Amino acid sequence: MKKILFIAVLCLTAVLSASAQSVDFKLTVDGTFHLKDGRNFAVVPFEKKTAHEIYSQLFLNASEVYKEPKQKVIITIDGSSINIRAFDQKLTFKEPGTYLGGYYELNFEVKDGKVKVAAPIVDEILTRTKDGVRDKDFSKLVRSWYQEAAIQAKYQDNQVYTEQEFNAFINGILTGNFMGDSSENW
């Protein structure tokens, strides 16, 4: 019984420590992202780490995602800030099967023991993945999903998908855990 209790506590501790370095931004009616408490940034602790150690790890993690050398998507400032501007072909979708792509920005500011993560910013211009035609502006698209400040049931999947895309990018950079990471199989 003691072994089972020990293993359960150990697993719970691992889950809690893994989730301590994650963010969960929510898409709002105006097409911006915020935390549940309304802030447009999160502060993520990195206990016992210097700013340089954190910055180096974030830069390495971001480099795993954005590998295209011709695209300069990662901009750094004096080892204290990482700004990413990139294009995602499947940023969100209008209806199942019709993905919309666009440019977005992520920003990470680093200090000893912590990282300030700004809410994602999405450029207004979206294009359809199928034919490259310009579609609705991002904020107008998101507003069309709402009725009287509540998400319409038929658009909940759109909202969840968009939130998951951004939170996966951000949390992947914070933790280095990316779905489909094949860095070990080079």
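What you are looking at is a predicted structure, and each value in this text was computed from that prediction instead of being measured.

Student: Which residues make up the overall build of the chain, and what values do they have?
Tutor: A tally of regular secondary structure across the chain gives four helices and 11 strands. Here the chain holds 186 residues, and the buried ones make up 34% of them. Of the contacts formed within the chain by residues at least 6 apart in sequence, a portion of 58% connects residues at least 24 apart. Total accessible area on the chain is roughly 11,800 Å²; 56% of this is exposed by carbon and sulfur atoms.

Student: Describe helix H2 (residues 51-65), and please don't skip the residues or the numbers.
Tutor: Under the 1.5 Å per step criterion, the end-to-end length of H2 is 21 Å for 15 residues, consistent within 8% with the ideal 21 Å. Of all the positions in H2, only Ala 51, Ile 54, Tyr 55, Leu 58, Asn 61 and Ala 62 are classed as buried. Down the axis of H2, the sector holding all buried residues measures 135°, keeping them to one side. Next to the buried residues of H2 lie strand E4 (74-77), strand E5 (81-95), strand E6 (98-111), strand E7 (114-118) and helix H4 (156-175).

Student: Before we move on, could you go through the nonpolar core and cite the residues and values that matter?
Tutor: The biggest cluster of nonpolar side chains holds 40 residues, and the ones touching the most others in it are Leu 106, Phe 108 and Leu 174. Not counting the four nearest positions on each side in its chain, Phe 108 is found in contact with Leu 58, Ser 80, Ser 81, Ile 82, Ile 84, Val 115, Lys 116, Val 117, Ile 170, Ile 173 and Leu 174.

Student: Help me get a handle on unusual backbone geometry, residues and values and all.
Tutor: Phi at Glu 148 is positive, roughly 55°, even though this residue is not glycine. Relative to the helices and strands, Glu 148 resides in the loop between strand E10 (146-147) and strand E11 (150-151). The backbone of Ala 149 shows a phi angle near 65°, a positive value even though the residue is not glycine. For Ala 149, the location among the structural elements is in the loop between E10 and E11. For Ala 149, a relative accessible area of 68% puts it in the exposed group.

Student: How would you summarise the pairing of E4 if you had to cite specific residues and measurements?
Tutor: Bridge analysis of E4 against E5 gives four bridges, and the strand direction is antiparallel. Within the sheet, the bridge partner assigned to Ile 74 lies in E5 and is Ile 84.

Rules used in this analysis
Sequence positions are assigned chain by chain, starting from 1 and proceeding in written order. The predicted nature of this model means local features are confined to residues of pLDDT at least 70 and side-chain atom pairs, given and counted, to a pLDDT of 80 or more, with totals for whole chains, interfaces and linings taken over all residues. Only heavy atoms go into the side-chain values, all of them from the structure, while hydrogens and water stay out. Segments assigned H or I by DSSP are reported as helices when at least four residues long, segments assigned E as strands when at least two residues long, and all are numbered from the N terminus. Summary of the burial criterion: residues with accessible area below 20% of their type's maximum are buried, those above 50% are exposed, and those between are partly exposed, where the area comes from a 1.4 Å probe applied to protein chains only. A contact between two residues is defined here by any heavy atoms of the two lying within 4.5 Å. Every accessible area reported is derived by Shrake-Rupley at a probe size of 1.4 Å, with residue values counting cover from the shown protein chains alone. Each residue after the first adds 1.5 Å to the expected span of a helix. When we speak of the arc, we mean the arc of directions from the helix axis to the C-beta atoms. To define a nonpolar core, start from buried Ala, Val, Leu, Ile, Met, Phe, Trp, Tyr and Cys residues and group those joined through side-chain atoms within 4.5 Å. At least two DSSP bridges between two strands are required for those strands to pair.

Treat this as a map of the structure, not an account of what it does.
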